[in-house]
Each structure stands twice: as C-alpha cells, then as structure tokens.
Amino acid sequence: MDGFKIVFEIAPTLIALFFAIQIFRSSGALDLIVRFLTPMGKLLKIPKEVLPVIFAKLFSSSAATGFLLDIYKTSGPDSLAGFMSSVILSSTETCFYTLSVYYSVVGIKKIRYTLTGALLAVFVGTFISVFISYF
C-alpha cells in the first residue's frame, strides 16, 4: 500500500519533468544553449555533439541516452564523441530529477546546499570523464 502512495506522490513530478524536457528539446532552446556552450566546449576539448548529452543528463537520463544514441548513429560508438558520452553518462547523476523526486517524497522543501554539491559533483565527474576519454 505504501508503494502506491509513493507512486502517486512521485507521478506529478515525473510527468512535469518529462514534458519540460520535451518542450525544451522541441522549442530549439537546447540548440541555443549548445551554441552558447560551444566556445567553452572547445576550450575543454569537448566535441560539440557531446554538449547536449552533458546538459540533458542534468535533467533526464533517458533524454541524455537519446542524444547518445544519436551520436552512435552519426559518429559511431567507437568515436571520441561516442566514447566520451558513454563515460559521462556512466559517471554522472541526474541532479534535478533526483532532487525533485526524492525530496518531494520525503517532503523536504529547502534543499540548502544539496544542489550546489550535486552540481559540483556532476561537473567534476564530467571533467574527469573528458580527461579519461583522451587516454
């Protein structure tokens, strides 16, 4: 019985995240963000194809996996972009999804330093993934 209660508590958050990602992707806002992040990506030697994976992973693992599959189709899984995206997806967490789902179930309203720590961990994981991918 507790399982159904948790599902009913989580469902609105999951549905809202799903629609937000779809709207974000369909509106072209993701392309705009990728264009904005491209100079920083060049500085860090991150291929342009990988930037949507990094950004989408913050919100949705399934959206990031969709971008990964697109990279596999266009560049191949053995390409630098395919390998780097795979390493990034396996070493980072979906910060906003995790915070929204878990904190809403427990009833925590103030996340305090959790978001800062989670984003720092994701950026460190991403940076190290890029570094490892070049070896």
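Below or above, wherever it landed, is the structure these notes cover.

Conventions we followed
- Residues numbered from 1 in each chain as written.
- Predicted model: local features only at pLDDT ≥ 70, side-chain atom pairs only at ≥ 80, totals over all residues.
- Heavy atoms only, no water.
- Helix = DSSP H or I, 4+ residues; strand = E, 2+ residues; numbered from the N terminus.
- Buried < 20%, exposed > 50% of the residue type's maximum accessible area, 1.4 Å probe, protein only.
- Contact = heavy atoms within 4.5 Å.
- Areas by Shrake-Rupley, 256 points an atom, 1.4 Å probe, with all protein chains shown as cover.
- Lys, Arg positive; Asp, Glu negative; His and termini not counted.
- Charge placed at Lys NZ, Arg CZ, Asp CG, Glu CD.
- Expected span 1.5 Å × (residues − 1).
- Arc of directions from axis to C-beta.
- 1 Å grid on protein atoms, 1.4 Å probe; cavity = no way out; pocket = protein on both sides within 12 Å on 5 of 7 lines; lining within 4 Å.
- Points joined across faces, edges and corners; volume = space filled by probe spheres on them.
- Nonpolar A, V, L, I, M, F, W, Y, C, P; charged D, E, K, R; others polar.

Helices and strands together make up the secondary structure of the protein chain, namely 7 helices and 0 strands. Listed N to C, the secondary structure of the protein chain is α-α-α-α-α-α-α in terms of helices and strands. With respect to the three principal axes, the spread of C-alpha positions in the protein chain is 50 × 30 × 25 Å. For the protein chain, the proportion of its 135 residues judged to be buried stands at 35%. Put simply, of all contacts in the protein chain between residues at least 6 apart along the chain, 64% involve residues at least 24 apart. Carbon together with sulfur atoms contributes 71% to the accessible area of the protein chain, which is approximately 8700 Å² in total. The protein chain carries 11 positive and 7 negative side-chain charges, and their two centres are separated by 9 Å.

Turning our attention to helix 4 (residues 61–74). Taking 1.5 Å per residue, 14 residues should reach 20 Å; helix 4 reaches 20 Å between its end C-alpha atoms and fits that length. Considered for burial, the residues of helix 4 that qualify are Ala 63, Ala 64, Phe 67, Leu 68 and Ile 71. Taken around the axis of helix 4, the buried residues stretch over an arc of 145°, which confines them to a single face. Facing away from the buried side of helix 4 by over 90 degrees, the exposed positions are Ser 62 and Lys 73.

Put simply, the largest pocket is a space of about 500 Å³. What lines the largest pocket is a set of 19 residues, and nearest its centre among them are Met 40, Leu 44, Ile 46, Phe 123 and Thr 126. Of all the elements, helix 2 (residues 29–43) adds the most residues to the lining of the largest pocket, at 6 residues. Looking at the lining of the largest pocket residue by residue, the classes come out as 16 nonpolar, 2 polar and 1 charged.

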